[in-house]
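Summary of structural features
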Amino acid sequence: MIPNNVIQETEQRFEYRTPERTETEEKLKSGSKLLADDPQRVEKRLRRLLRGEFASEVAAVAAAPSISAAAAVSVGTEPLALERILNKNNLMSINYLERGLRVARSVARIRIRSAQGRTLGFGTGFMVSPRLLMTNNHVLSTRNDAAFSHCEFNFQDDLTGRPIPTSVFELDPDLFFETDRALDFTLVAVKERARQGSGDVSELRFFGWNRLIEEEGKAILGEFLNIIQHPNGEPKQLALRENEFIDLLDNFLHYKTDTAPGSSGSPVFNDQWEIVGLHHSGVPRKDAAGRILTRDGVVWKQSMGEHKIDWIANEGIRVSRLVKHIKNLALNDAQRRRLRTDLLEKDPPFLPLRDETLPQTNGHSPDSSSQHATAAFSTQPRIVDGSAVWTMPLQVSIKLGDAGGSATVTAPPAYDQNGSTNGGGGTAAKPSPQTEPDSKDLDEAIAELERSRTRKYYDEPQDRADRDQYYADVPDGLEPADLYQHLSTLLDETHINQPKYKPSKHVYPWVDLQPNKKLRSIYSGIEYDPEELIREDFRIDQERTARLQEKMLTESSGFGPERIAEELDLLEAQLPYNCEHVVPQSWFEKREPMRGDIHHLFACESGCNSFRGNTPYFDFSDFEEAVREECGMRIGNKFEPTAGKGTVARAVLYFILRYPGEINRTAQEYEPDRIETLLKWHRENEVSTYEKHRNMAIFKIQGNRNPLIDHPEWADQIDFLEGLD
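A few points on the structure.

Thresholds, definitions, all that
Residues numbered from 1 in each chain as written. Predicted model: local features only at pLDDT ≥ 70, side-chain atom pairs only at ≥ 80, totals over all residues. Heavy atoms only, no water. Helix = DSSP H or I, 4+ residues; strand = E, 2+ residues; numbered from the N terminus. Buried < 20%, exposed > 50% of the residue type's maximum accessible area, 1.4 Å probe, protein only. Contact = heavy atoms within 4.5 Å. Areas by Shrake-Rupley, 256 points an atom, 1.4 Å probe, with all protein chains shown as cover. Disulfide = S-S within 2.5 Å. Expected span 1.5 Å × (residues − 1). Pairing = 2+ DSSP bridges. Axes fitted to C-alpha atoms, helices over the stretch in contact; angles between N-to-C directions.

**Overview of the overall build of the chain**
When you go through the chain residue by residue, the secondary structure sums to 22 helices and 23 strands. The buried share of the chain, reckoned over its 725 residues, is 52%. Put simply, of all contacts in the chain between residues at least 6 apart along the chain, 68% involve residues at least 24 apart. Accessible surface, the chain: about 33,500 Å² in total, of which carbon and sulfur atoms supply 48%.

**Here's the deal with the state of the cysteines**
Under the criterion given, the structure shown has 1 disulfide. A disulfide-free cysteine, C579 has its sulfur positioned 8.3 Å from the sulfur of C604, the nearest such atom. Of the residues examined, C579 reaches a relative accessible area of 2% and is grouped as buried.

**Some details on helix α20 (residues 672–684)**
Taking 1.5 Å per residue, 13 residues should reach 18 Å; α20 reaches 19 Å between its end C-alpha atoms and fits that length. The complete set of buried residues in α20 reads R674, I675, T677, L678, L679, W681 and H682. In this structure, the buried side of α20 is in contact with β23 (638–641), α19 (645–658) and α22 (707–710).

**Brief notes about the sheet that holds strand β10 (residues 252–256)**
The 6 strands are arranged β8-β9-β10-β13-β12-β11 in a closed barrel whose pairing can be described as antiparallel. On average, adjacent strands in this sheet sit at an angle of 45° to one another, irrespective of strand direction. Here β10 runs beside strand β13 (residues 311–318); their pairing, made up of 4 bridges, is antiparallel. Bridging from a neighbouring strand, H254 pairs with E315 of β13. Sheet strands touched by helix α7 (residues 95–104): β8 (224–229), β9 (237–248) and β11 (267–269). Its angle to β8, the strand with the most contacts, is close to 40°.

**Let's talk about α19**
For an α-helix the count is 3.6 residues per turn, leaving residues at separations of three or four pointing the same way. Here α19 contains 14 residues, and its C-alpha end-to-end distance of 20 Å stays within 8% of the 20 Å for a straight helix at 1.5 Å per residue. In terms of burial, α19 is largely enclosed, as 14 of its 14 residues are buried.

**Examining the pairing of strand β3 (residues 132–135)**
Taking every second residue as pointing to the same face, both faces of β3 are buried, with L132 and M134 on one and L133 and T135 on the other. Sheet topology note: the strand β2 (residues 119–127)/β3 ladder contains 2 bridges and is antiparallel. Paired with F126 across the strands is M134, a residue of β3. Here β2 folds back onto β3 in antiparallel fashion, the turn holding 4 residues. Of the strand pairs in this sheet, β3 and strand β7 (residues 185–189) are connected by 4 bridges, and their pairing is antiparallel. Bridged to T135 within β7 is T186.

Shown next as structure tokens:
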């Protein structure tokens, strides 16, 4: 949250400049940006545009680069050319969007944390050199603030609206840390490699940086500015041409908007995507009593977050002043001076966008035979009953989602120059035609979801009758070990149907729905539209197929069944479903029926899935004061989720009953004290209607039930240690 003193100082500057700002706004209303700002500043702006990569846009302004603002106006060129240059014309080159996407890569969410690891708040920061990140002083005020906090790149949504993996980097204030309260900025070093287990991108260099330019002429009054930010810690967002530059002070610039306030520590860009300011505060609208108001006109409360405030204007620190200050810093360490030199002099690299791929020619031009091979391998896969099938010189059928995969390999035919084969004198055969992936499974999953909207969520009388019949032969008064053995046998013998692991079919459409017919992440508690997760998992299937195909295209040999299984394991790790096995798959080597047993499968966003990994559950004594992530807290070989503790405990206890000997009695899996943790969570969290619905739905599919849901009191009567190997 922006400190009160920072807001008050901004208000004072804004009020003091009212006469000058009013005069500027009157000039802008007349329609001429060139007359609203100082002529020398306008000339600097035009010179900068004329000599830069945007010179083609201003070629019609004048024949010589020394044209003055006054001359430009006098010859009447403004209506012809400067409208486009200075953004009166909203038609922009298409590369405008690409430039914006590239600079956005360097913008990160800052998670501000205490020494105990508790999240205190969020801010925005951005890379300004290969190792240095800039944000506000009021976001990271001290070295200790930075030491306990971290920055998160790629905290944003993809083209489908789903989150992409976030890369988390620790800050390194011991290497470099400089801050200034008056200019409200902090520069801090970032470690070169991401925290283990986070994101697809592990090296800082792949996010690039934005150069801080000291030279003036990057924007004049009346131009529109762009802000890339994480408002209130939310996924990355863009305020595109929403903020009008309305006033320039010695160290600050003011810009106003009706819809898009800034976020602390955000970079402020011109239309050429050069940074013109560091956003840090704003002027809030207040009522007669001096209370801050929201955009809805109600009195604002701190719990609402600063993004809810009705900001009259935004304020940023001028980049030219920041660079001047940084140049004058007295740095007594050679390494720190080198880092500053990189900031001042090093140009950022040209990085491809996230989804771009570079051609892999290895520096050689393909010969005719390789061209034919490429053509033979270029067919799209067909998806048949969950299998990805290609027709190539080597025909491979791969069952995606199964443990280890299944593969059928046939001998490669010899293609002639026309693409036909010579099979020992037989009739030449053509490769199979290209076909689109079959959508039958997807259609069936969506249809099942539609039926769920009108189905009765939980039929308690029927479930009670089913339960009583299911356990009718369980004797009373059994010893704990005997009760374990009796229930284990019952769960095994009644597990008649054993579905394969396919959460989009067996988990999302009905089994895992909450009473409001939404899905809720088992660890974070965040709700999702079930259709989104169904479609996302099918998209993941197609992405796995495409990547495996690409791998096979680039490697000409060695793709037998074992290699295919290895590649599928790798792809599943890189592109996981939004589903969690509460007993990690690696503990039972992805074997069925454990892998597809719905009793221990739950909706869970892939980020939380990856964050937990294969770590056993643990009960931290200071968990409530030190939750580190939305998903929960993980330290070493210990993980405690934010939500769902009773539910996951009962699911794991079911697994121990159903599959004796599949969980080892080790610190890596479950020692006796971890069983006590599960029993504690079971006792502290009552069985919910959601769990009863799940249990009844799974009973209809698999034929067996979870005794800990049906008879919670049995938990203290069963010797679960019987099930540990």
